[in-house]
Amino acid sequence: MNRREASKSLIVAALGMALGAPSASAQPQPVRVALLGDLGEIWADREFIFAGQQALLVRVPAPGQPSSRVLQVGSIYLTAYSRTCTHAGCTVQLPDQRQMVECGCHGSRFSAAGLVLEGPAPNDLPAIRLEVRQNEIWAVAWLDG
Ligand code: FES
């Protein structure tokens, strides 16, 4: 890589960081989130920080169809996502008793699994790839990065 290419790479990386956009080339450090046994019931959740963003791990019901956002571990289904709203970057609230996640800034609503239900948010909350390592749940990468 010559100096011009190196400068271009740095500019692209800086722009990605400035926009807060997850990218495959800037994958964050894996984070240990919980023990598998910590999520005893469907809709149990754990807050954590991933790549400097507030994030949430949720035990969800079995999805009706396979989803790349959901990790199956035996009879347990898990999903994790950033709590940064895809509209303008506010931090969304935690799931309420209806299993709805609301953004207090402009009223977007998401399911407790992080799927957008009502705008103005244009997209689902960014999903985080999970792994289970010896009964520990780890957040390891942006799923779509
Ligand atoms: S920032 Fe969430 S709805 Fe606008």
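Residues numbered from 1 in each chain as written. Predicted model: local features only at pLDDT ≥ 70, side-chain atom pairs only at ≥ 80, totals over all residues.

Draft legend 1. Representation of the pairing of strand β10 (residues 136–142). As judged from the four bridges shared by strand β1 (residues 31–35) and β10, these two strands associate in the antiparallel manner. Within β10, the residue paired with Leu35 across the bridge is Glu136. With six bridges connecting them, strand β9 (residues 128–133) and β10 associate as antiparallel partners. Looking at β10, one finds that Glu131 is bridged to Trp138. Counting the residues in the hairpin turn of β9 and β10 gives two residues, including Gln134, whose phi is positive at 50°. (Pairing = 2+ DSSP bridges. Helix = DSSP H or I, 4+ residues; strand = E, 2+ residues; numbered from the N terminus.)

Draft legend 2. Here's a closer look at the sheet that holds strand β6 (residues 100–102). Read from one edge to the other, the open sheet built from three strands follows the order β6-β7-β8, with strand pairing classed as antiparallel. The outermost strands of the open sheet, each flanked by one partner alone, are β6 and β8 (116–118). Across the sheet, the mean angle separating the axes of adjacent strands is 35° when strand polarity is ignored. (Axes fitted to C-alpha atoms, helices over the stretch in contact; angles between N-to-C directions.)

Draft legend 3. Representation of the sheet that holds strand β3 (residues 53–60) in the model. Here we have four strands laid out as an open sheet, ordered β2-β3-β5-β4, and antiparallel in their pairing. At either end of the open sheet lies a strand with only one pairing partner, and these are β2 (45–50) and β4 (71–73). Here the average twist between neighbouring strands, direction ignored, is 25°.

Draft legend 4. Representation of unusual backbone geometry in the model. In the segment running from Gly119 into Pro120, the intervening peptide bond is cis, with an omega of 20°. Looking at the secondary structure, you find Pro120 in the loop between β8 and β9. The phi dihedral of Ala51 is positive, around 55°, even though this residue is not glycine. Tracing the backbone shows Ala51 in the loop between β2 and β3. Even without glycine at this site, Gln134 takes up a positive phi of about 50°. Relative to the elements of secondary structure, Gln134 occurs in the loop between β9 and β10. The class of Gln134 is exposed, set by 7 C-beta atoms lying within 10 Å. (Buried ≥ 20, exposed ≤ 12 C-beta atoms within 10 Å, placed from the backbone.)

Draft legend 5. Spotlight on the confidence of the model for the protein. Summarising the model, the protein shows a mean pLDDT of 84, and 81% of its residues fall at 70 or more. Predicted confidence for residues 1–21 stays below pLDDT 50, and this span has eight contacts to residues more than four positions away or in other chains. (pLDDT = per-residue confidence, 0-100. Contact = placed C-beta atoms within 7 Å.)

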